[in-house]
Amino acid sequence: MAAVALFVACGDDSSGSGPENTESSAVEESSSSADIFSSSSSWIATNSSSSRNDEKDTFSVPSADTTKITYALRPFAGPLSNPHKGFTVPTGGAWTFVPEFEYGPYGSLNNRAWDLVSYGSGYQQWNKLNPAKGVYDWTELEKLLNALAEHNMTYALRVLPYTPSFIKSDFPPQEDYDWTPPFVYEMGAKKIQIDLRGTDFHAYAPVWDDPIYLQAAKDFAKALAEKYDGDPRIEYIDVRTFGEWGEWHTSHMLGSVMPADSVLKDMLDYYASVFKKTQLVLPSNGFGDVYTHALDLGITKRDDGFIGIPGRPDTLLRAYNANLPTIAENIAGYRTMLANDDLIPGGTQKWTAERWVDAITTAHLTYYVLDQDNDCGYYFYKDNKALADSMSKVIGYNFTVTQAELVTVATPASGNATDITSMLNVTVKNTGVAPCFFDIYMVAEFVDSTGKALAQIGVPLLIPKGTFKDGSSQIFFFKTPGVANVVTQPGVSVALSLYESEDAFKNGENPTVRFDNEGLQENNKLLLKSR
């Protein structure tokens, strides 16, 4: 059974910071001690200045020998990808992972941009997933989800009803751009003629508040939830029911009008009623009262106008302040933005490194596109490798151990016996720009020189989602009595691990969350090795 970590932030002070530019090392001290440990096996200090010699938690024991090892740590060198945060690139299908796709992980032009990618993203067509009333075809989506899972990535799902991108002639075939299933119109849903802004092209579009259209959209949402709510392969799902690209606007579709706010809120209510586990997302153009309503439902916000339009990162602060993860894409691909005119007002800003960093830090982003061109970040990473690597440890949460100390007390017992009690005190700082929005279990173990676990220290500590705030430090205590045969062995070290579930630890799986510290092992455990 894990101990639940109920704590307050220690604050961003220097008292909890350990050396950051020295080699990992340990200083060992031996002395007599009057300190012994609390009877609880694991607990967390609620304040970095709280006393460790409080009368409630310690008592005097004559002739107790104490051995103290203080570890010096430094950050991990290189990029650091972690689950449920970070960067994405377009992943259009399982074909992304075949060698023939030159920009894929196995392609000839993979320049290691994929090392920063923690989840895939892209769109699915409503008419492909829902070809007939009550009929659903998840085949291609399943192939993609499984391919991503095999590469330790999740998927951000967007199901689009419409895209003006494929209106490339006057009245082109409707199935090219209108991805509303044909059966919806056959049941009587209305559609209207629209003019594509800036062209001489005409096409058709759904009447977004038509009752038959709305019911079909809800029926699909219900089927989607029955299939995928809580599926660990899904990172989040956008509510993409309305407008071009499902972005809740009709900017390029003259003659098409978005529904009233009451209709938009009703659709959000329905999605929230059928999705109980998976994070839902309000598209880029959901603003005002609709945005407020979404936050009240626990639905977060994304914005797709970053870099190009000034002030867009500020629009996500409401979601961050509601303790929800923030999500963004840029207004265009990287190489397109390099050529922007940079004339404000009236134009579009260029991409610069300063604007990119500001976008991440101002919006406290948890999720962000590395680049949305089809080269999977190749050119972006080629030009900005060092910056991108460094920001992989800024976006979202980022856990850095700043201080660790192992204290072992040997107390004479009856006869020639000795009672051994070990206590590990660990200070961790979230050096990212956002909280961690999923439960984490921290585990401490004694390990041998090969990294094999010998004994657990205390019990796993549960850190509930959203409670470890960015910029804060927490002190964790793990205590284990009666492991003399382990602690005194030569070559014994301490390993720290972060799991997404307690069952994963109990089942012997490797941890999935990594600390930002040197000493990470291939199995993702952090080895605090003394010299």
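Described below are features of the structure shown in this document. Because the structure is a prediction, the values reported are computed rather than measured. (Residues numbered from 1 in each chain as written. Predicted model: local features only at pLDDT ≥ 70, side-chain atom pairs only at ≥ 80, totals over all residues. Heavy atoms only, no water.)

## Considerations on the environment of Val159
Heads up, the rule is: A helix here means a DSSP run of H or I that spans at least four residues, while a strand means a run of E at least two residues long, and both kinds are numbered starting from the N terminus. Whether two residues touch is decided by their heavy atoms; if any such pair falls within 4.5 Å, the residues are in contact.
With respect to the helices and strands, Val159 occurs in strand β7 (residues 154-160). Here the alpha-carbon distance between Val159 and Val239, two residues 80 residues apart in the chain, equals 8.0 Å. If we ignore the near neighbours within four places in the chain, the residues touching Val159 are Gln124, Gln125, Trp126, Leu129, Phe220 and Arg240.

## Regarding the layout of surface pockets
Here is the rule we go by: As defined here, a cavity is a set of points on a 1 Å grid over the protein atoms alone where a 1.4 Å probe fits but cannot get out. A pocket is an open set with protein on both sides within 12 Å along at least five of seven lines, and residues line them when an atom is within 4 Å of a point. Grid points are joined across faces, edges and corners, and a volume is the space filled by probe spheres set on the points. Note that Gly is not counted as nonpolar here; it falls among the polar residues with everything else outside the nonpolar set of Ala, Val, Leu, Ile, Met, Phe, Trp, Tyr, Cys and Pro and the charged set of Asp, Glu, Lys and Arg.
Looking at the second largest pocket, its volume works out to about 1,300 Å³. The wall of the second largest pocket is formed by 49 residues, among which Tyr123, Arg158, Leu160, Trp245 and Glu329 lie closest to the centre. Listed by contribution, the elements that provide at least two residues to the lining of the second largest pocket are β5 (86-90), β6 (117-125), α1 (126-129), α2 (139-150), β7, β13 (300-306) and β14 (326-330). It is β6 that contributes the most residues to the lining of the second largest pocket, five residues altogether. Among the residues forming the lining of the second largest pocket, the class breakdown is 19 nonpolar, 20 polar and 10 charged.

## Considerations on empty space enclosed by the protein
Within the structure shown, the criterion is met by four cavities of 30 Å³ or more. In this structure, the largest cavity occupies an estimated 100 Å³ of space. Every residue lining the largest cavity is listed: Trp126, Val159, Leu160, Pro161, Tyr213, Ala217, Phe220, Asp238, Arg240, Thr241 and Tyr271. At the level of elements, β7 and α5 (211-228) are the ones that each hand at least two residues to the lining of the largest cavity. Here the lining of the largest cavity takes three residues from α5, the largest share from any one element. Split into classes, the residues belonging to the lining of the largest cavity amount to eight nonpolar, one polar and two charged. In this structure, the second largest cavity occupies an estimated 60 Å³ of space. Taken together, Thr88, Tyr119, Ser121, Ala156, Arg158, Tyr236, Arg302, Ile327, Ala328, Glu329, Tyr368 and Val369 make up the lining of the second largest cavity. Of all the elements in the fold, those that place two or more residues in the lining of the second largest cavity are β6, β7, β14 and β15 (365-369). With three residues, the single largest contributor to the lining of the second largest cavity is β14. Class assignment of the residues belonging to the lining of the second largest cavity gives a composition of seven nonpolar, two polar and three charged.

## Let's talk about the packing of helix α6 (residues 261-274) against helix α7 (residues 288-296)
As a reminder, the rule being used: Only the contacting stretch of a helix is used when fitting its axis, a line to C-alpha atoms as for every element, and angles between N-to-C directions run 0 to 180 degrees. Should an angle lie under 35 degrees it is considered roughly parallel, over 145 roughly antiparallel, and from 65 to 115 roughly perpendicular; all remaining angles are considered oblique. Take the far helix as your reference; a near helix turned counterclockwise from it by less than a right angle gives a left-handed crossing, and one turned clockwise gives a right-handed crossing.
For the pair α6 and α7, interaxial distance at closest approach is 10 Å and the crossing angle is 15°. The pairing of α6 with α7 is recorded here as roughly parallel in orientation. Crossing handedness for the pair α6 and α7: right-handed. Across the interface between the two elements, Asp261, Leu264, Lys265, Leu268 and Asp269 from α6 touch Asp289, Val290, His293 and Ala294 from α7. By residue class, the composition of the contact of α6 with α7 is four nonpolar, one polar and four charged.

## Concerning the packing of aromatic side chains
As a reminder, the rule being used: Pairing of aromatic side chains here covers Phe, Tyr and the six-membered ring of Trp, requires ring centres within 6.5 Å, and sorts the geometry by plane angle: under 30 degrees stacked, over 60 edge-to-face, intermediate tilted. Only protein chains enter the accessibility calculation, which uses a 1.4 Å probe. A residue is then buried if its area is under 20% of the maximum for its type, exposed if over 50%, and partly exposed in between. A positively charged side chain is recorded as over a ring if its NZ (Lys) or CZ (Arg) lies within 6 Å of the ring centre. The angle to the ring normal must also be within 35 degrees.
Counting across every chain of the model gives 36 aromatic pairs. With a centroid separation of 6.2 Å and 35° between ring planes, the pair formed by Trp138 and Phe220 is classed as tilted. Here the residue Trp138 occupies a position in the loop between α1 and α2, and Phe220 occupies one in helix α5, the gap between them amounting to 82 residues. The residues Trp138 and Phe220 share a single accessibility class, namely buried. An aromatic cluster of three or more residues is present, and its members are Trp126, Tyr136, Trp138, Tyr162, Tyr177, Trp208, Tyr213, Phe220 and Tyr228. Directly above the ring of Tyr204 sits Lys191, whose terminal nitrogen or CZ lies 5.5 Å from the centroid. The positively charged end of Arg335 is found above the aromatic ring belonging to Tyr379, 3.9 Å away from the centroid.

## Here we look at α2
Put simply, the test is: Between the first and last residue of a helix there are one fewer steps than residues, each counted as 1.5 Å, and that sum is the expected span.
Its 12 residues give α2 an end-to-end C-alpha distance of 17 Å, which sits within 8% of 16 Å, the value for a rise of 1.5 Å per residue. Within α2, the full set of buried residues consists of Leu141, Glu142, Leu144, Leu145, Ala147 and Leu148. Positive phi shows up at Asn152, right after α2, with a value of about 60°.

## Considering the sheet that holds β7
Put simply, the test is: Pairing between strands is defined by DSSP: at least two bridges between the two strands are required.
Spatially, eight strands are ordered β5-β6-β7-β10-β12-β13-β14-β15 in a closed barrel, and the strand pairing comes out parallel. Each strand of the sheet is rotated relative to its neighbour by a mean of 30°, with strand direction disregarded. With three bridges connecting them, β13 and β14 associate as parallel partners. By the bridge assignment for β14, Phe306 is matched with Asn330.

## Concerning the nonpolar core
For soluble globular proteins, nonpolar side chains are generally found buried alongside one another. Condition: We call a set of buried Ala, Val, Leu, Ile, Met, Phe, Trp, Tyr and Cys residues a nonpolar core when their side-chain atoms join them within 4.5 Å.
In terms of nonpolar packing, the biggest core is built from 90 residues, with Phe242, Trp356 and Tyr368 touching the most fellow members. Grouped together as the second largest cluster of nonpolar side chains are 35 residues, Leu80, Ile440, Ile463 and Phe468 included.

## Some thoughts on the pattern of salt bridges
So the rule is basically this: Any carboxyl oxygen of Asp or Glu that lies within 4 Å of a side-chain nitrogen of Lys or Arg is treated as forming a salt bridge with it.
As enumerated under the stated definition, the model contains 21 salt bridges in all. The salt bridge partner of Asp231 is Arg233, with a shortest N-O separation of 2.8 Å. Like Arg233, Asp231 is buried. Here Glu445 ties to Lys525 by a salt bridge, and the two come within 3.0 Å at their closest N and O atoms. Here Glu445, found in strand β18 (residues 440-447), pairs with Lys525, found in the loop between α13 (502-506) and β22 (526-528); they are 80 residues apart in sequence, far enough to count as distant. We classify Glu445 as buried; its relative accessible area is 6%. A relative accessible area of 11% places Lys525 in the buried class. Linked through salt bridges whose partners overlap, the residues forming this network are Arg158, Asp238, Arg240, Arg302, Asp304 and Glu329.

## Some details on the pairing of strand β19 (residues 453-463)
Alignment of β18 against β19, held across seven bridges, turns out to be antiparallel. Looking at the pairing, Ile440 lines up with Ile463 of β19. Between β18 and β19, which follow one another and run antiparallel, lie five residues, and Gly451 among them has a positive phi close to 90°.

Function cannot be read off these values alone, since they describe shape.
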